[in-house]
Structure formats: structure tokens, C-alpha cells
Amino acid sequence: MTPSLPYAADVESPLKPDELDVLRHQYEREGEYVGLQTKFNYAWGLIKSNQRPEQQEGVRLLSEIFRSSSERRRECLYYLALGNYKLGNYAEARRYNDFLLDLEPANLQAGSLKELIDEKVAKEGLMGVAIVGGLAVAAGVVGSMLFRGVRRR
């Protein structure tokens, strides 16, 4: 990531447990009539977490808001992209982030997150190629050993 775009700080800045507890208690207190802002705030806190189940719950809540509230969709896009990025769902992360960049091409957070997504996809792609290449070499070695063993008989 280039130093000129340090805006995706939410990737590595979880809330303190007591801060998340405040949001959780507010969300639970409102029960089945939870307000949209309360739900968004809690989902935002969950997305920022380092705990995978909390991140998953945050993405689920934001997805509900995204589907049910057209006036809040733009607000949800970045955090849906961020949550999916943190969960390793890079295609989904890219889809939401690209949609946000289509709406707001100068959005620095989305631009920064795009770089993070692209770096992670490239890195994992290279790791995948290395693993496949290693398996091919191992299969070749085993195959040649078997072939030599058959020829000696």
C-alpha cells in the first residue's frame, strides 16, 4: 500500500471490549424494534473486531441494512467491503468496494481498501501458484520413482 493512502485504518483498529459492549447492550436493549442507527453502529463495531464470528455477524447485520434501507446503502458499502476483506471473501469485498468507487471515485478510504484487496489477492494468487507448482513437482518425483521401480522388475 502506498503511504499516500493511509485511510483504511479500520482494517486493524478494533474497538476496545468495553466500547463494543456499549454498542451490544444498546442493540440488545432495543430488541426486535432496534433502530437503524443502533443496528448500524453495532454492525460497525463488529466489523472492526478481530474475532471472526463477530465480523461475520457484522457483515450479516450490514447486509440486512443494505437490503432493507436504500437511503443507507452508501454508508454500508465500505463496511461490507471491509468486513468481507477481513473474512477473506475478496471477491465480495471487491464487489462492494468497486460499487462504492463507482459512486464516489475520490473516496480515499475505498481507494485505500482497493489497494489492500488487490495486494491480498495477488499474494494469495502467488501462494496458490507456488502450492500447485510444488504439488506438480512432488507428483513428478513420485511418478518417476514409480516408473523406475516398474522398469527394474
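Everything discussed here concerns the structure shown above.
Source: prediction; values computed, not measured.

### Here we look at the overall build of the chain
Next up, step 1: When its secondary structure is counted, the chain shows six helices and zero strands.
Next up, step 2: Accessible surface, the chain: about 9500 Å² in total, of which carbon and sulfur atoms supply 59%.

### With respect to the packing of helix α2 (residues 36-47) against helix α3 (residues 52-68)
Next up, step 1: The interhelical angle for the contact between α2 and α3, taken along N-to-C directions, is 145 degrees, at an axis separation of 7 Å. Judged by the twist between their axes, the crossing of α2 over α3 is left-handed. Of the residues in α3, those touching α2 at Leu36, Lys39, Phe40, Tyr42, Ala43, Leu46 and Ile47 are Glu54, Gln55, Glu57, Gly58, Val59, Leu61, Leu62, Glu64 and Ile65.

### Some remarks on the environment of Glu64
Next up, step 1: Looking at where Glu64 falls in the secondary structure, it is placed in helix α3.
Next up, step 2: Counting along the chain gives 25 residues from Glu64 to Lys39, while the straight-line C-alpha distance between them is 9.6 Å.

### What to know about the nonpolar core
Next up, step 1: Grouped together as the largest cluster of nonpolar side chains are 31 residues, with contacts concentrated most on Tyr42, Leu62, Cys76, Tyr79, Leu80, Tyr85 and Leu113.
Next up, step 2: For this core, the secondary-structure elements that each account for two or more residues are α1 (17-30), α2, α3, α4 (73-87), α5 (90-103) and α6 (108-152).
Next up, step 3: In terms of residue count, α4 provides more of this core than any other element does, nine residues in total.

### A look at the pattern of salt bridges
Where charged atoms of side chains with opposite charge meet at close range, the side chains can pair.
Next up, step 1: In total, this model carries 10 salt bridges according to the counting rule given.
Next up, step 2: Here Asp118 ties to Lys114 by a salt bridge, and the two come within 3.1 Å at their closest N and O atoms. With a gap of four residues between them, Asp118 and Lys114 both fall in helix α6, about one helical turn apart.
Next up, step 3: Asp118 sits in the partly exposed class, given a relative accessible area of 29%.
Next up, step 4: You can call Lys114 partly exposed: its relative accessible area is 33%.
Next up, step 5: One network of salt bridges, in which partners are shared, links Lys39, Glu57, Arg60 and Glu64.

### Focus on the packing of aromatic side chains
Next up, step 1: Per the counting criterion, the structure on display carries five aromatic pairs.
Next up, step 2: Aromatic pair Phe66 and Tyr96: ring centres 5.8 Å apart, planes at 85 degrees, arrangement edge-to-face. Of the two residues, Phe66 is situated in helix α3 and Tyr96 in helix α5; the sequence distance between them amounts to 30 residues. Taken as a pair, Phe66 and Tyr96 share a single burial class, namely buried.
Next up, step 3: Through successive ring pairs, a cluster of aromatic residues spans Phe40, Tyr78 and Tyr79.
Next up, step 4: Directly above the aromatic system of Phe66 lies the positively charged group of Arg73, at a separation of 5.5 Å from the ring centroid.

### What to know about α5
Next up, step 1: When the terminal C-alpha atoms of α5 are compared, their 20 Å separation across 14 residues agrees well with the 20 Å that a helix rising 1.5 Å per residue should span.
Next up, step 2: Tyr90, Ala93, Tyr96, Asn97, Leu100 and Leu101 are the residues of α5 that are buried. Down the axis, α5 shows its buried residues gathered within 140 degrees of arc, on one side only. More than 90 degrees from the buried face of α5, the exposed residues found are Ala91 and Asp102.

Procedures and definitions
In this numbering scheme, every chain counts its residues from 1 along its sequence in written order. Note on the predicted model: pLDDT of at least 70 is required for a residue's local features to be given, and 80 or more for side-chain atom pairs to be given and counted; whole-chain, interface and lining totals, by contrast, use all residues. Working from all heavy atoms in the structure, the side-chain values ignore hydrogens and water. Starting at the N terminus, helices and strands are each numbered in turn, a helix being any DSSP run of H or I of at least four residues and a strand any DSSP run of E of at least two. Only the protein chains shown count as cover for residues, and all accessible areas are computed by the Shrake-Rupley method using a 1.4 Å probe. Simply put, an axis is a line fit to the C-alpha atoms, just over the touching stretch for a helix, and the angle between two N-to-C directions goes from 0 to 180 degrees. Here is the rule for handedness: rotate from the far helix to the near one, and if that takes an anticlockwise turn smaller than a right angle the crossing is left-handed, while a clockwise turn gives right-handed. Any two residues whose heavy atoms approach within 4.5 Å are treated as being in contact. Buried residues of nine kinds, namely Ala, Val, Leu, Ile, Met, Phe, Trp, Tyr and Cys, make up a nonpolar core once their side-chain atoms join them within 4.5 Å. Relative accessibility decides the category of a residue: with a 1.4 Å probe and only protein chains considered, values under 20% of the type maximum give buried, values over 50% give exposed, and everything between is partly exposed. Salt bridges are defined by distance alone: a side-chain nitrogen of Lys or Arg within 4 Å of a carboxyl oxygen of Asp or Glu. Stacked, edge-to-face and tilted are the three classes for Phe, Tyr and Trp ring pairs, Trp counted by its six-membered ring, which pair at centre distances within 6.5 Å; planes under 30 degrees apart are stacked, over 60 edge-to-face, the rest tilted. Two conditions define a charge sitting above a ring: the NZ of Lys or the CZ of Arg must be within 6 Å of the ring centre, and it must be within 35 degrees of the ring normal. By definition here, a helix of n residues has an expected span of 1.5 Å times n minus one. Our arc is simply the arc of the directions from the helix axis toward the C-beta atoms.

So yeah, pure geometry; function would need other evidence.
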